[in-house]
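Descriptive structure summary
Spelled out, the chains give:
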Amino acid sequence: MRDRLERHQIPIYFLAIALGFAVALTVPGTGRLEVLINPALALMLFVTFLQVPLVKLRAALANRRFLGALLVANFLVVPLLVAAMLPLLPADPLVRIAVLFVLLCPCIDYVVTFSHLGKADSALLLAATPVLLLVQMLLLPLYFGVLMGETSASLVQAGPFLHAFVWLIAVPLLLAAGLQAAASRSPRVARLAGLGGVMPVPATAGVLFVVIAAVTPQLGPASNAAVSVVPFYIAFAIIAPQLGLAVARIFKLAVPAKRAVAFASGTRNSLVILPLALSIPGALPIVPAVIVTQTLVELIAMLAYIPLIRRVATRDCHAAARPGHFSVLVSGRRSVSRMTHWPRSPPLQLPITRSSSAAIRCRSPSRA
């Protein structure tokens, strides 16, 4: 059931959005669903955090090269891209702060599933999601201060922001971490936690439905704001994965890890940061409209990401297998080493013993 839901999550999300619009346009008074937004978000975040390996944070720090590439791409290179876009955005401070909220925070949930479909190293990415979450929460106020100056201080007020963070981020996070820790010691709790594995997709679809149904009746000026940021979201969806791929190449990651960094660079944490964005005074309806618009653009982009990132990153593998190189597969991971003199000859297969942990494959230049 879980695998089926994850494979079909894009159409499920679009169906939830369409139903939200349909209900809002045909049933009077759906604006009253606004009171359900925070509870729906809390449930979604809890089941999302339950899938993040919070108790394995130390293991996520072990692969320093991958983690370094991931952090540089998402918290240095991508913010520079967003800073370059900022002067071109509509002048409305609410629109700008909403765009900053969504584009500065890398995704920690469905990016793992999509990266798996794109032949990326989704296990590495999953292990790193706790780090991504913690770093984005620490850096977000700093980014606001640098990019928007005093305007951000008037919009992002400490009291409402901290209240939203504690009850909609920290509490679900701690509950999920506690359940994971208990699951490692109790088979019964482990089975209960396993049942939560089917919940993220329905919970996310529920949030999209509630937000759309509640915001649509009061959309008004928010519709223009939402349309005005679409070109920027499209530009981001095109450029950000390429920047992530470039960073991964600089760090000389294996091809599946390169794909993972590219996916993480282009996929944003829109629904996770939505409760924080809603703490802005006067956020409704502009802020949620601008943020959910990014989700729509991203879901469409994801249909292209899966084949394109896989294809682009694969070129690196082919480029590495050129004359003068051989590739070594150790424990399922490929590394490329250089040989100064490699004659043009048929493919050579070196004999290995059954107990050997390495398989060596040499490619002739004609097949590279």
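Residues numbered from 1 in each chain as written. Predicted model: local features only at pLDDT ≥ 70, side-chain atom pairs only at ≥ 80, totals over all residues. Heavy atoms only, no water.

1. As for the overall build of the chain
Our working rule: Where helices and strands are cited, they refer to DSSP runs of H or I of at least four residues and of E of at least two residues respectively, numbered from the N terminus. Each residue gets one of three labels from its accessible area relative to the maximum for its type: buried under 20%, exposed over 50%, partly exposed in between, using a 1.4 Å probe on protein chains only. Only heavy atoms enter the contact rule, under which two residues are in contact if any of them lie within 4.5 Å. Shrake-Rupley sampling with a 1.4 Å probe provides the accessible areas, and residues are treated as covered by the protein chains on show and by no other component.
Regarding its fold elements, the chain presents 16 helices and 3 strands. Counting the 368 residues in the chain, one finds 50% classified as buried. Of the contacts made within the chain by residues no fewer than 6 positions apart, 83% connect residues no fewer than 24 positions apart. When the accessible area of the chain is evaluated, it comes to approximately 17500 Å², of which 67% is carbon and sulfur surface.

2. Considerations on the pattern of salt bridges
Selection criterion: The salt bridge criterion pairs a side-chain nitrogen of Lys or Arg with a carboxyl oxygen of Asp or Glu, the two atoms within 4 Å.
For the structure on display, the rule yields 1 salt bridge. For Glu6, the salt bridge is made with Arg2, and the minimal N-O distance between the two is 3.2 Å. On the criterion of helical spacing, the pair formed by Glu6 and Arg2 is a turn pair, its members being 4 residues apart in helix 1 (residues 2–7).

3. Quick look at the packing of aromatic side chains
Our working rule: Geometry of aromatic contacts follows a simple scheme: Phe, Tyr and Trp rings, the Trp one being its six-membered ring, pair when their centres are within 6.5 Å, and the pair is stacked under 30 degrees between planes, edge-to-face over 60, tilted otherwise.
Tallying each qualifying case throughout the model produces 4 aromatic pairs. With 5.2 Å between their ring centres and 65° between their planes, Tyr110 and Phe114 make a pair best called edge-to-face. Of this pair, Tyr110 and Phe114 both sit in helix 7 (residues 110–117), separated by 4 residues, roughly a single helical turn. Ring geometry for Phe263 versus Tyr305: centroids 6.3 Å apart, planes at 80°, classification edge-to-face. With a gap of 42 residues between them, Phe263 in helix 14 (residues 255–266) and Tyr305 in helix 16 (residues 286–320) connect regions that are remote in the sequence. Among the aromatic residues, those joined into a cluster by ring pairs are Tyr13, Tyr110 and Phe114.

4. Some words on unusual backbone geometry
Following Leu284, the chain continues into Pro285 via a peptide bond in cis, with omega recorded as 0°. Structurally, Pro285 can be placed in the loop between helix 15 (270–277) and helix 16. Positive phi outside glycine occurs at Lys119, with the angle close to 65°. For Lys119, the location among the structural elements is in the loop between helix 7 and helix 8 (122–148). Although it is not a glycine, Lys252 sits at a positive phi angle of roughly 55°. Along the chain, Lys252 falls in the loop between helix 13 (221–250) and helix 14. With a relative accessible area of 66%, Lys252 lands in the exposed category.

5. Description of the confidence of the model for the chain
Detailed conclusions should not be drawn from predicted coordinates in areas where pLDDT is low. Formally: Residue-level confidence of the predictor is what pLDDT reports, using numbers from 0 through 100.
Put simply, the chain has an average pLDDT of 83, and 83% of its residues get 70 or more. Least confident of the elements in the chain is strand 3 (residues 358–361), whose mean pLDDT is 36; most confident is helix 5 (residues 64–85), at 97. Every residue in residues 323–368 is under pLDDT 50, and counting partners more than four places away or in other chains gives 58 contacts.

6. Description of the nonpolar core
Our working rule: What makes a nonpolar core is a set of buried Ala, Val, Leu, Ile, Met, Phe, Trp, Tyr and Cys residues whose side-chain atoms join them at distances within 4.5 Å.
In this structure, Phe66, Phe101 and Phe263 are the most contacted members of the largest nonpolar core, which totals 117 residues. Here this core gets 13 residues from one element, more than from any other, and that element is helix 16. Those residues in contact with Phe263 that lie beyond four places of it in its chain are Val111, Phe114, Ser115, Gly118, Ala120, Met302, Tyr305, Ile306 and Ile309.

7. So, helix 12 (residues 200–215)
The cut-off we apply is this: Here the expected length of a helix is defined as 1.5 Å per residue gap, with one fewer gap than residues.
Across its 16 residues, helix 12 extends 22 Å between first and last C-alpha, which sits within 8% of the 22 Å expected from 1.5 Å per residue. Taking burial as the measure, the 16 residues of helix 12 include 13 buried ones, the bulk of the element.

8. A short note on the environment of Ser152
For clarity, the threshold we go by: For the purposes of these results, a polar contact is taken to be a pair of N or O atoms within 3.5 Å, where, inside protein, one atom must be able to donate a hydrogen and its partner to accept one; residues adjacent in sequence count only when each atom of the pair is a side-chain atom.
By the secondary structure assignment, Ser152 is in helix 9 (residues 150–155). Between the C-alpha atoms of Ser152 and Ile280, which are 128 residues apart in sequence, the distance is 9.9 Å. When sequence neighbours within four positions are dropped, the list of residues in contact with Ser152 reads Phe144 and Gly145. Within polar-contact distance, the side chain of Ser152 engages the backbone oxygen of Gly149 at 2.7 Å.

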